[in-house]
Amino acid sequence: MRINIYGDSIFEGVQLQDGKYTRHRELIERFETENNVLIKNRSSFGSTVDKGLARMESDLRRGSLGNYTVIEFGGNDCAYRWEEVAALPDGEHECITPPERFAMIYNEFISRVYENGSWPIVSTLPPISSHRYLDFVTRGGLDKDAILHWLGDLEAISRWQEKYSGIAAAIAKERGCPILDLRSAFPTDVEEKDMYLCSDGIHPNSAGQKLIFDKASEELVRIVGAPSQRGA
């Protein structure tokens with residue numbers, strides 16, 4: 001059994017420790033060993049859905065996909081260029097990948113997986129911490145009050161990221177793809193949720209990565225072990 005993963009730093013196991021980003025691949029390796037599967041993890045720090053699709057197309061030119069292909073994007077797609085927002089807090093600003101384009105490319109991604117004989121599995125996004133994230137992006141001197149003025153309220157950050165997770169889940173349901181619901185593994189209470197996130201408010205810490213591993217192990221074993229019918 002082979003599984004390909006296309007995603008961002010969440011599935012790359014990135015954590016912020018002592019001011020530096022480090023990669024932890026131990027849980028992926030453990031999943032391979034415990035479940036007797038071969039995982040080709042093509043997740044990359046900072047990746048958006050269009051970059052992920054381009055990476056998969058490059059891989060396809062050199063070979064085939066695995067039996068299953070996990071897709072996890074949205075966290076970078078929904079981000080804004082905060083220096084521009086801080087400079088023009090009354091202006092209009094567009095995120096890296098607007099929702100309509102995100103949905104279009106996500107659908108194309110799924111179609112290409114189906115076309116190449118693999119079964120797509122769509123992952124939702126772990127939640128983020130609005131206050132930690134804003135503190136992190138303004139740590140270099142960006143005007144936090146200006147950004148808050150543009151946002152309207154602090155939790156708009158989390159709601160916007162949640163929207164992208166919801167878009168991915170809705171597309172998966174429409175296209176008949178299994179959903180790997182990582183988001184549901186995390187607490188909904190703000191203070192309790194923070195216990196599982198790094199100081200940047202985005203990346204799960206070691207405890208958060210353990211939540212992801214346990215949820216992914218449970219769900220992937222269920223999905224891979226269930227009979228599947230390919231469709232588009």
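In this report, we go over the structure that sits alongside the text. Just so you know, these numbers come straight off a predicted model, no measurement behind them.

About the thresholds
Residues numbered from 1 in each chain as written. Predicted model: local features only at pLDDT ≥ 70, side-chain atom pairs only at ≥ 80, totals over all residues. Heavy atoms only, no water. Helix = DSSP H or I, 4+ residues; strand = E, 2+ residues; numbered from the N terminus. Rg over C-alpha atoms; globule rule 2.2 N^0.38 Å. Buried < 20%, exposed > 50% of the residue type's maximum accessible area, 1.4 Å probe, protein only. Contact = heavy atoms within 4.5 Å. Lys, Arg positive; Asp, Glu negative; His and termini not counted. Charge placed at Lys NZ, Arg CZ, Asp CG, Glu CD. Pairing = 2+ DSSP bridges. Salt bridge = Lys/Arg side-chain N within 4 Å of Asp/Glu carboxyl O. Phe/Tyr/Trp six-rings, centres within 6.5 Å; stacked < 30°, edge-to-face > 60°. Axes fitted to C-alpha atoms, helices over the stretch in contact; angles between N-to-C directions. Parallel < 35°, antiparallel > 145°, perpendicular 65-115°, else oblique. Left-handed = near helix turned anticlockwise from the far one by under 90°. Nonpolar A, V, L, I, M, F, W, Y, C, P; charged D, E, K, R; others polar.

### Some words on the overall build of the chain
Then step 1. Each helix and strand in the chain was counted, giving 10 helices and seven strands.
Then step 2. The globule rule puts the C-alpha radius of gyration for 232 residues at 17 Å, and the 18 Å found for the chain is close to it.
Then step 3. Principal-axis analysis of the C-alpha atoms gives the chain an extent of 50 × 35 × 30 Å.
Then step 4. Here the chain holds 232 residues, and 50% of them are scored as buried.
Then step 5. If you take every contact in the chain between residues at least 6 apart in sequence, the share linking residues at least 24 apart comes to 79%.
Then step 6. On the chain, the mean spot of the 27 positive side-chain charges and the mean spot of the 36 negative ones are 7 Å from each other.

### Examining the side chain of E12
Then step 1. Position of E12 relative to the elements: it lies in helix 1 (residues 9–12).
Then step 2. By relative accessible area, E12 is classed as buried at 10%.

### Here's the deal with the sheet that holds strand 7 (residues 179–180)
Then step 1. Here we have five strands laid out as an open sheet, ordered 4-1-5-6-7, and parallel in their pairing. Taken across any chain shown, the strands that pair with only one partner, and hence form the sheet edges, are strand 4 (38–41) and strand 7.
Then step 2. In the sheet, strand 1 (residues 2–7) pairs with strand 5 (residues 68–72) via five bridges, with the strands oriented parallel. Each residue of the ladder has a partner; that of G7, found in strand 5, is E72.

### Brief notes about the pairing of strand 3 (residues 20–23)
Then step 1. Relative to strand 3, strand 2 (residues 14–17) runs antiparallel, the two being bridged by four bridges. Within the sheet, the bridge partner assigned to Q15 lies in strand 3 and is T22.

### Examining the side chain of S165
Then step 1. Here S165 is to be found in helix 8 (residues 156–175).
Then step 2. In this view, S165 contacts T124, L125 and R183; residues no more than four positions away in its chain are not counted.

### Things to note about the pattern of salt bridges
Then step 1. Summed over all chains, the structure comprises 10 salt bridges.
Then step 2. Where E12 meets R23, a salt bridge forms, and the shortest distance between an N and an O atom there is 2.7 Å. Taken together, the residues E12 in helix 1 and R23 in strand 3 connect sequence positions 11 residues apart.
Then step 3. A salt bridge links D135 to K144, with the shortest nitrogen-to-oxygen separation between them at 2.5 Å.
Then step 4. For D135, a relative accessible area of 39% puts it in the partly exposed group.
Then step 5. Taken together, the shared-partner salt bridges in this structure form one network comprising R42, D59 and R62.

### Observations regarding the packing of aromatic side chains
By convention here, two paired aromatic rings are described through the distance between centres and the angle between planes.
Then step 1. Here the structure, examined in full by the defined rule, presents 13 aromatic pairs.
Then step 2. Judged by centre distance (5.8 Å) and plane angle (40°), the ring pair of F73 and F109 falls under tilted. Of this pair, F73 sits in the loop between strand 5 and helix 4 (82–87) while F109 is found in helix 5 (residues 99–115), placing the two residues 36 residues apart along the sequence. Here the two residues F73 and F109 agree in accessibility, since each one is buried.
Then step 3. Relative to Y164, the ring of F102 lies with its centre 4.9 Å away and its plane at 50°, an arrangement referred to as tilted.

### Focus: the packing of helix 3 (residues 49–62) against helix 5
Then step 1. Where helix 3 meets helix 5, the axes come as close as 9 Å, and the angle between the chain directions of the two elements is 20°. If you check the angle between helix 3 and helix 5, you find them roughly parallel. Relative to helix 5, the crossing made by helix 3 is left-handed. Residues V49, D50, G52, L53, M56, E57 and L60 of helix 3 lie in contact with helix 5, whose contacting residues are R101, F102, I105, Y106, E108, F109, R112 and V113.
Then step 2. Its residues assigned to classes, the contact of helix 3 with helix 5 shows nine nonpolar, one polar and five charged.

### Concerning unusual backbone geometry
Then step 1. Unusually for a residue other than glycine, D18 sits at a positive phi of about 55°.
Then step 2. When you line up the elements, D18 lands in the loop between strand 2 and strand 3.
Then step 3. A relative accessible area of 82% places D18 in the exposed class.
Then step 4. Even without being a glycine, N36 presents a positive backbone phi close to 55°.
Then step 5. Structurally, N36 is set in the loop between helix 2 (26–35) and strand 4.

Keep in mind that these numbers describe shape and distance, not what the molecule does.
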